[in-house]
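Residue strings, one per chain:
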Amino acid sequence: MDDINVMMTVFITLGTLLLIGMFYNVILYQRPGIYPPKKILRARVASLGCIGGLIFVAGILMAILSK
């Protein structure tokens, strides 16, 4: 495998894992209770979603442009 394929696979996998983490925190946010605080969960969802989405899109763009 050449370097671009490895990098593309890493980006797509990392982006997917971050988006899964975002969805997990969305589920935690919707549960009743006070721990962890909703403010912290909102911040986690926003950061994981933004970073995960950008990395995932970068991996998809690498896949499209490498052909």
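Higher on the page you've got the structure.
Residues numbered from 1 in each chain as written. Predicted model: local features only at pLDDT ≥ 70, side-chain atom pairs only at ≥ 80, totals over all residues. Heavy atoms only, no water.

Q: How should I be thinking about the side chain of Asn25 in this particular structure?
A: Its place among the elements puts Asn25 in helix H1 (residues 3–30). Asn25 has contacts with Leu41, Arg44, Val45 and Leu48, leaving out every residue within four places of it along the chain. (Helix = DSSP H or I, 4+ residues; strand = E, 2+ residues; numbered from the N terminus. Contact = heavy atoms within 4.5 Å.)

Q: Explain helix H2 (residues 38–65) here, please?
A: For the α-helix, the turn length of 3.6 residues means that residues three or four positions removed from each other point alike. Between its first and last C-alpha, H2 extends 40 Å over 28 residues, near the 40 Å set by a 1.5 Å rise per residue. Residues of H2 that are buried: Leu41, Val45, Gly49, Gly52, Ile55, Gly59, Met62 and Ala63. (Expected span 1.5 Å × (residues − 1). Buried < 20%, exposed > 50% of the residue type's maximum accessible area, 1.4 Å probe, protein only.)

Q: Would you mind showing me how to read unusual backbone geometry here?
A: Residues other than glycine predominantly adopt negative phi, and peptide bonds predominantly adopt the trans conformation. In this model, Tyr35 is joined to Pro36 through a cis peptide bond whose omega is -10°. Looking at the secondary structure, you find Pro36 in the loop between H1 and H2.

Q: I keep staring at the packing of aromatic side chains and nothing clicks. Help me out?
A: Each aromatic ring pair is specified by the distance between its two centres and by the angle formed by the two planes. One pass over the structure, following the stated rule, counts zero aromatic pairs. Taking NZ or CZ as reference, Lys38 lies 5.3 Å from the ring centre of Tyr29, over its face. (Phe/Tyr/Trp six-rings, centres within 6.5 Å; stacked < 30°, edge-to-face > 60°. Lys NZ or Arg CZ within 6 Å of the ring centre and 35° of its normal.)

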